[in-house]
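Given next are the chains, with one letter for each unit.
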Amino acid sequence: MLTGLASAPVYRLRPSTSVDSVGDEVTSWESPTRAAIPRAQFDDRHGTRAADNSGDRVASDAWLYIVGRYDITVADRVEYRGQIWRIDGHPVVHVSLATGPLVEARLKRIETTR
């Protein structure tokens, strides 16, 4: 079903939490918690593409498929091949008697400058 899609590791990113100077818990994307997503497939073949500064075509949206149940939310981000993606809308879980659960999430690439 999902064979032939990219198979490089895919990571879920969650903001780290800390306590600020007045004792409130705050979240930050400066050093997010990174966890490998097992059985994940990344698909940017059908996304919108635009040229970057080098003239290469770069996908701006993609799909993430995860075979089996996995804790991923709209507040998480995804890292794939060094690029950071945000989840666009709530992930959807499809359940089939034949294949079991499949999590599907639409992604939008986040432009980062360093």
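Residues numbered from 1 in each chain as written. Predicted model: local features only at pLDDT ≥ 70, side-chain atom pairs only at ≥ 80, totals over all residues. Heavy atoms only, no water.

Caption draft 1: Structural detail: the packing of aromatic side chains. Under the criterion given, the structure shown has two aromatic pairs. For the ring pair phenylalanine 42 and tyrosine 80, a centre distance of 4.1 Å and an interplane angle of 15° mean the geometry is stacked. Residue phenylalanine 42 is found in strand β3 (residues 40-43), and its partner tyrosine 80 is found in strand β7 (residues 77-80); the two are separated by 38 residues along the sequence. Tyrosine 80 carries the same exposure label as phenylalanine 42, and that label is buried. Measuring from centroid to centroid gives 5.1 Å for phenylalanine 42 and tryptophan 85, while their planes differ by 65°, and the two rings are edge-to-face. Linking phenylalanine 42 in strand β3 with tryptophan 85 in strand β8 (residues 83-87), this pair joins segments that are 43 residues apart in sequence. An aromatic cluster of at least three residues, connected via ring pairs, comprises Phe42, Tyr80 and Trp85. Taking the ring centre of tyrosine 11 as reference, the NZ or CZ of arginine 34 above it sits at 3.6 Å. Looking at arginine 77, its charged tip hangs above the ring of tryptophan 29, at a distance of 4.0 Å from the centre. (Phe/Tyr/Trp six-rings, centres within 6.5 Å; stacked < 30°, edge-to-face > 60°. Helix = DSSP H or I, 4+ residues; strand = E, 2+ residues; numbered from the N terminus. Buried < 20%, exposed > 50% of the residue type's maximum accessible area, 1.4 Å probe, protein only. Lys NZ or Arg CZ within 6 Å of the ring centre and 35° of its normal.)

Caption draft 2: Representation of the pattern of salt bridges in the model. Scanning the entire structure with this criterion turns up six salt bridges. Across the pair arginine 106 and aspartate 61 runs a salt bridge whose closest N-O atoms are separated by 2.7 Å. Highlighted residues: arginine 106 in strand β10 (residues 100-109) and aspartate 61 in strand β6 (residues 61-67), separated in sequence by 45 residues. A relative accessible area of 30% means that arginine 106 is categorised as partly exposed. Put simply, Asp61, Arg86, Asp88 and Arg106 are held in one network by salt bridges that share partners. (Salt bridge = Lys/Arg side-chain N within 4 Å of Asp/Glu carboxyl O.)

Caption draft 3: Spatial organisation of the environment of leucine 64. In this structure, leucine 64 sits in strand β6. Sequence separation between leucine 64 and isoleucine 87 is 23 residues, and the spatial gap between their C-alpha atoms is 9.1 Å. Contacts of leucine 64, omitting those with residues within four sequence positions, involve Val10, Ile37, Ala40, Gln41, Ile72, Val78, Val103, Glu104, Ala105 and Leu107. (Contact = heavy atoms within 4.5 Å.)

From the geometry alone we can't say anything about function, so treat these as descriptive.
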